[in-house]
Structures are given as structure tokens and as C-alpha cells.
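Survey of secondary and tertiary structure
Here is how the chains run, residue by residue.
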Amino acid sequence: MSYSKPIFKEKYDNFINGKFVAPIGGEYFDNTSPIDNSLIAKYPRSQKEDIELALDAANAAKEAWGNTSATERATLLNKVADIIEANLEEFALVETCDNGKPIRETMNADIPLSIDHWRYFASCIRSEEGTATELDANTLSMNIKEPLGVVGQIIPWNFPLLMLSWKLPPALATGNCVVLKPAEQTPSSATLLMEKIADVFPPGVINIVHGFGPEAGKPLASSSKVDKVAFTGETTTGQLIMQYASKNLNPVTMELGGKSPNIFFNSVMDADDAFLDKAIEGAVLFAFNQGEVCTCPSRILVQEDIYDQFIERVVARTKAIVQTSPYDMSCMVGAQASNDQYEKIQSYIKIGKEEGAKVLCGGDANKEGDFAKGFYIQPTILEGHNKMRVFQEEIFGPVVCVTKFKDEAEALEIANDTLYGLGAGVWTRDAHQLYQIPRAIKAGRVWVNCYHAYPAHAPFGGYKKSGFGRETHKMMMSHYRQTKNMLISYDKNKLGFF
Amino acid sequence: MERIAITEKATEIVKQLQAKHGDLIFHQSGGCCDGSAPMIFEKDDMYLDESDIFLGEIADVPFYMNQDQFEYWKHTHLTVDITQGRGASFSLEIPLGVRFIIHSRLLTEEENALLNPSA
């Protein structure tokens, strides 16, 4: 089964105050597809004035939206889910075209997961309650959750609709209005969504403004008209956004990447069975989404007594990866999202080789035939040690670094020897290791005998330089709310002080 | 002996940005998405302290990197270059349709002895 490039309009606009509006300055930028570098469409190159317009619309809408009932908000969130579901194939195609990822993934992962996040937060807001405590016979403490007001969200290009669906539903469910800037590499699915749901929310509740970081992102992140900023990206921009937020004394949440270890203990090879097969796939998941995942299991650590046999099977499985047109359902690894990534990944492979890492498979771009037009990298396995730069820096490509460890202590030492702490994987048949190793890893999400699952119902977020705050899971709603405490006295008598 | 250099083409872009924005700094990013790119900002836009290592000055612009990251980078020589394409950060060159990139190579033993005497 194969699809072809979807049809786009010549140009698209920002979605502000319930309608599509041209950028005030009239400038647009070209958005291209990484599959073949062809033009998709023109998108607004917004400036500070456009962000201001969106923020004013959001601020004007926040009072009424914040006072809608949870029932009403949940109903609208569910409506969005239904609309995406009814147009699943269209969203999947647009996402594949814009990002370069395989159509089987947008059809089966990106879009269905996005839908589920809208439904999940619709159910959360209906089912939760505030708290009330009787502090003494005459005093009641009531905690009521109130929205923050207006939230600025800046999202990345690796899972465009899914990252939008991680960030928008909890903010909306809790009664906030949002100004969201999609990544300039992947503006299409956010725009398609607004076309489909233009009338679902009151004007000003959701505003989508496109543009570049210094021109549109910075004014959004630094504005005194936002009450909170949520960001996914790299560390330097993260630091800048926190600085801007400090000026406004605003809360922020940050998701800043990782260098996740995927640890394989010797017991995985105790039998040649379904579990071993699953573990080998678990190692090869480094190539999932072209490695463009903040939690990419980009360091494989294997216990030394099974190292050779295990790696041999991982290499064989990696070599069997089908790289073809991302529009083809058989495609397993597609194009990198942009030329920037494509070049960066190649430069890391070069650094790895210079540092003495051994290339076990791949090791280059894929430039044969039709691949020459787009940005394709061969799934690559580098063997080396944890002090190498390729073991320490997020390559954000289908490149994994493998090394061996002697025992549990050394596995943990290597696993935790990183600036980041977003994800990790632990694979073992040993019941003690199943619990003790994940507890000792300094990362926000440890997958145990699985990897790359992102259910809405489990919290996701980083330790160390991977950021702070959590996404997905109902606890995320606390990042978008204030607590109003009402302390009520039923005592008729005065204190007696004055 | 310097840790960091810049190409002529990249220098031209830096000059353009200096004319528009005044004094600038480079900061090397790490992490997700567009991490690992050298980013250029107005001098006072980013708060720097002793945790930011000064690597040298290129085209009259000081270049910094966070200390933690420097630990892994100190054995490499860096050259800032410019290429076509669009990054996705707050770096000032992005609206020009170009972006700074970094080329790195391992320091030779001689260079390493000079630049990292204690290592």
C-alpha cells in the first residue's frame, strides 16, 4: 500500500481569535518536505505584532473560557478527538509529508495517540475534584483549582501533531487560553487541525502563530501577557525562556532532550524465545522515528558475557530495516525532518569515527536513487565507550552507540554518566533487577522490558538537564493551574485580640 | 593556539548581524531537536556566569559553552561555519535563511597538551 504527496493550498495563515488572518507584515516563508525537498506551501513569517494580536485575543477570551463548566470543556475536547479520528488518514499523510516519517507510524502511532490525548484530558477534567478539609470544628479549608489564564506553548518538529496534542488539551481542559507556535519545519498539521476545528472553541481560546524563533518565539516567550510558558527543545533556548519567565515571575515547564541508556542484562539471552526477540527489537528501536525522539534509546549497554551474540543479532535486525518512500506502508525509517538534522547527524557520525568508534553497520547518508533528493541516513550502530562525544550528545538521528558492562554497578555507572535524564530502558528476566535497576537510574521515565510506549495515562518528563515538569498524565493539569485556597470560619466569636 | 575558529563566510554573516543588533555572543547549545548548534544572541540577552566556559573570540564575538558540556568537548577543535537552511531556535541568523553550524575535529596530541595541560 502506497500513498502520494497530499495536496496543499499555496499559502496558509495564522489562526487568531477564531479565524485565519494574514501576518501583519505580509511576509511568508517556504515550508518544504524532507522527503524530496519539494515545496509544501507558504506559511506566515510572523513578527512581534502578530504574537501581540494573538495574546490580546487570548487575554480577551480567558475570563469567559475559564468560567465554562468542566462538562462543556470536556465535550469540546472530545469533539476535537472525533474530528481528528474522522480525518485520520488526511492528518497522517500531511504529517508524513511535512516531517518525513513513515506513513505506517503516522497512521498507527502519531495520529491515534494524538486523538487519545484529547480524550484522556477530557475524562480527567470531568472526574477530578478539588479538596476540602475541616481544620477544626469551625474552620474549613477549600482548595479550588483555577486556570492560570494565558499559556504560551512552543513545540518541536519531531511529532508535530502529537506534541501539540500533549500540550493543548491539558491547558484547555483546565480553562486556559493558548497561543501556540508550531516549529517552522512542520507547521502543516497544526494548520490542518485549525481548519477542521475552527468553530469548535470560542474565538481566542486557541491561537496558532507561525514563524521563526527570534521573530515570533522570543516575543511569545518573553511577553508579560502570558502567565506560563511550556517549551520542548534544546538547552540554550530553554535557559533563555527561563530567563524571560523570571522577568515576569512566570512558571515554566521544560522538556530538553536526553541521551537515554537502553540496558540489556545477560538473562535476556537465557532462552531464544519471544522475549529475546522483543528485546532485540527493543534495541533496534533507536531507529524509530529516524531517531528524532527526545527519549531515543541512543546508548545500548550490554552485559559483557552476552555482548557478542546479542550485538550480532541487533546488527542483523538493523540491517533488515526497510528504508523506502515514507509514503509506502512498508517503510520503517523515513527521511530526517530537515537538512539541518541531516547534516548534523552526518557530522556526528564523522566525529564518532574520528574518536575511534567502530561502525558496525550503516555509517553514512543514503543517497541512492530517489533518496538523493531527500534527507536519508542509514541506520547506524557505533561501538565505543561512554566518554566519546557520540555517547554524550543527542544526535537526534538513527544512530546508536553500543558499549559493554561487567555487572550491575558498572551498568548504572555508565547509564547515569550523562548530563540528561529523560528516558531509559531496562531488559532482564531477573525479578530483582526489574525493580532495583530502574529505581537507581536517574531518569524520569524508565521502560522495563519495553521501550517507546507513550500512553496518555503515564507521566513523562526529565531529571537533570532534561528539564522539569511532567507531560501526559493528569498530574500535568497542575502545571496549568493555580490553587485558590478559601479559608472559611464558621465561628461567630471574635479572636479577642482587638 | 585557539580552541575555536570561524570561516570567512560565517564572519560575513556575523558582521551583518553586528550591524543590526550590536554586540553579540555565541553560545553552544546541547540537547533535543536543534541542540548542538552554535547560537548567536545579543550580548545582554543571555545570562552568563562561571558555569559558562569562554572558548575564545571569533569575529569579535565571544564564544561560550556550558561547563558540563565542555568536559566532553574540550578535546575537540571547533570551527564555526555557516550553511543554507533554517534552524529552529532564537538564534539571530535564522531569519536570514542561513544557520551557523560547528565543525569539530579532535585536537592533536600537541594541541591537547597545550590547551588541556591538566588532562
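The residue count restarts for each chain, going from 1 along the sequence in the order it is written. Lettering of chains starts at A and numbering of ligands starts at 1, both following the order in which they are written. A pLDDT threshold of at least 70 governs which residues receive local features in this predicted model, and a stricter bar of 80 or more applies before side-chain atom pairs are shown or counted, although totals over entire chains, interfaces and linings include all residues.

The next point concerns the interface of chain A and chain B. Two residues qualify as being in contact provided that their C-beta atoms, derived from the backbone, are within 7 Å of each other. Between chain A and chain B, the contact holds 39 residues from the first and 34 residues from the second. Among the secondary structure elements, those contributing two or more residues to the side of chain A that touches chain B are α7 (213-222), α8 (235-248), α11 (339-354) and α12 (389-392) of chain A. For the side of chain A that touches chain B, the element with the highest residue contribution is α11(A), accounting for seven residues. In DSSP terms, a helix is any run of H or I states spanning at least four residues, a strand is any run of E spanning at least two, and both are numbered starting from the N terminus.

So, about the pairing of strand β6 (residues 76-84) of chain B. Regular strands place their side chains on alternate faces of the sheet. All names here are of chain B. Strand pairing is defined by DSSP finding a minimum of two bridges between the two strands. Where strand β1 (residues 4-6) lies against β6, three bridges are found, and the strand directions are parallel. Paired with I6 across the two strands is V80, which belongs to β6. Pairing of β6 with strand β7 (residues 98-106), which is carried by nine bridges, proceeds in the antiparallel orientation. Residue Q84 lies in a different strand from β7, and its bridge partner there is V98.

Turning next to the sheet that holds β1(B). Taken in spatial order, the three strands of this open sheet run β1-β6-β7 (chain B), and their pairing is mixed. The open sheet has two edge strands with one neighbour each: β1 and β7 of chain B. Pairs of neighbouring strands in the sheet enclose a mean axial angle of 25°, with direction left out of account. Only the stretch in contact is used when a helix axis is fitted, and all axes are lines through C-alpha atoms; the angle between N-to-C directions ranges over 0 to 180 degrees. With respect to the sheet, α11(A) is in contact with β6 and β7 of chain B, its orientation differing from that of β7(B) by roughly 10°. With respect to the sheet, helix α1 (residues 8-21) of chain B is in contact with β1, β6 and β7 of chain B, its orientation differing from that of β6(B) by roughly 65°.

Should pLDDT be low for a region, the predicted coordinates there are not to be read in detail. The quantity called pLDDT is the predictor's confidence in a given residue, expressed from 0 to 100. Per-chain confidence: chain B averages 90 in pLDDT, with 96% of residues scoring 70 or above. Interface confidence for the predicted complex, given as ipTM, is 0.90, next to a pTM of 0.95.

Now for the nonpolar core. All names here are of chain A. Throughout this description, the term nonpolar core refers to a group of buried Ala, Val, Leu, Ile, Met, Phe, Trp, Tyr and Cys residues whose C-beta atoms join them within 7 Å. Partly exposed residues are those whose C-beta has more than 12 but fewer than 20 other C-beta atoms within 10 Å; with 20 or more the residue is buried, with 12 or fewer it is exposed, and the C-beta atoms are placed from the backbone. With 174 residues, the main nonpolar core has L77, V178, V179 and F264 as its most contacted residues. Ranked by residues supplied to this core, first place goes to helix α4 (residues 103-127) with eleven residues. The split into domains, and so the bounds of each, comes from an automatic or database assignment of domains. Here this core spans two domains, and each of domain 1 (14-256 + 466-484) and domain 2 (261-448) adds at least three residues to it. Apart from residues no more than four positions distant in its own chain, F264 is found in contact with A279, A283, L301, V302, Q303, F310 and W427.

So, about the packing of helix α3 (residues 88-99) of chain A against helix α6 (residues 188-197) of chain A. All names here are of chain A. Running from N to C, α3 and α6 cross one another at 155°; their axes reach a closest spacing of 9 Å. On the basis of the axis angle, α3 is roughly antiparallel to α6. As α3 packs across α6, the resulting crossing turns out to be right-handed. Here α3 contributes F91, V94, E95 and D98 to the contact with α6, which in turn contributes S188, S189 and L192. Under the scheme applied, nonpolar residues are Ala, Val, Leu, Ile, Met, Phe, Trp, Tyr, Cys and Pro; charged residues are Asp, Glu, Lys and Arg; polar residues are all the others, including Gly. For the contact of α3 with α6, the per-class residue count stands at three nonpolar, two polar and two charged. These descriptions rest on fixed angle ranges, namely under 35 degrees for roughly parallel, over 145 for roughly antiparallel, 65 to 115 for roughly perpendicular, and the rest for oblique. Here a crossing is called left-handed whenever its near helix is offset anticlockwise from the far helix by less than a right angle, and right-handed whenever the offset is clockwise.

Take the sheet that holds strand β2 (residues 24-28) of chain B next. Residues and elements named next belong to chain B. One open sheet holds the four strands; their spatial order is β3-β2-β5-β4, and the pairing between them is mixed. With partners counted over all chains shown, the strands left at the sheet margins are β3 (38-42) and β4 (52-58), one partner each. Looking at each pair of strands side by side, their axes are set apart by 30° on average, direction ignored. Pairing geometry for β2 and β3, over five bridges, is antiparallel. Opposite L24, over in β3, you have E42 as the bridge partner. In this fold α1 packs onto β2, β3 and β5 (61-66), with an angle of close to 125° to the strand it touches most, β2.

Here the focus is the domain arrangement of chain A. Residue and element names in this part refer to chain A. According to the domain assignment, chain A consists of domain 1 (14-256 + 466-484) and domain 2 (261-448). Of note, the centres of domain 1 and domain 2, computed from C-alpha atoms alone, are 31 Å apart. At the junction of the two partners, domain 1 supplies 18 residues and domain 2 supplies 22 residues. At the level of elements, α3 and α4 are the ones that each hand at least two residues to the side of domain 1 that touches domain 2. Take the side of domain 1 that touches domain 2: its biggest share by element is three residues, from α4. Of the residues assigned to the side of domain 1 that touches domain 2, the class counts are five nonpolar, eight polar and five charged.

The next subject is helix α2 (residues 70-86) of chain A. Residues and elements named next belong to chain A. Expected helix span is computed as 1.5 Å times (number of residues minus one). An ideal rise of 1.5 Å per residue puts 24 Å on 17 residues; α2 measures up with 24 Å between its terminal C-alpha atoms. Every buried residue of α2 is listed here: R73, A74, L76, L77, V80, A81 and I84. Down the axis, α2 shows its buried residues gathered within 160° of arc, on one side only. Across α2 from its buried face, at more than 90 degrees, point the exposed residues T71, E72 and A86. Buried-residue contacts for α2 involve α3, α4, α5 (160-173) and α6. Arc, as used here, means the arc of the directions from the helix axis to the C-beta atoms.

Residue and element names in this part refer to chain B. Mapped onto the elements, K74 comes out in the loop between α2 (67-73) and β6. By C-beta crowding, K74 is classed as partly exposed, having 16 other C-beta atoms within 10 Å. Each C-alpha atom, one on K74 and one on N112, is 8.7 Å from the other, the two residues being 38 residues apart in sequence.

Moving on: the pairing of strand β18 (residues 423-427) of chain A. Residue and element names in this part refer to chain A. Burial analysis of β18 places five of its five residues in the buried class, which makes it a mostly covered element. Covered by surrounding structure in β18 are G423, G425 and W427 together with A424 and V426, the residues of both alternating faces. Relative to β18, strand β12 (residues 261-264) runs parallel, the two being bridged by three bridges. By the bridge assignment, N262 is partnered in β18 with G425. With four bridges connecting them, β18 and strand β19 (residues 445-448) associate as parallel partners. Its bridge partner lying in β19, A424 is registered against V446. By definition, the crossover connecting two strands over a helix is right-handed if that path, from the first strand to the second, turns clockwise as seen with the strands pointing away from the viewer. As for the winding sense of the linkage, the β-α-β connection from β18 through helix α14 (residues 431-440) to β19 is right-handed.

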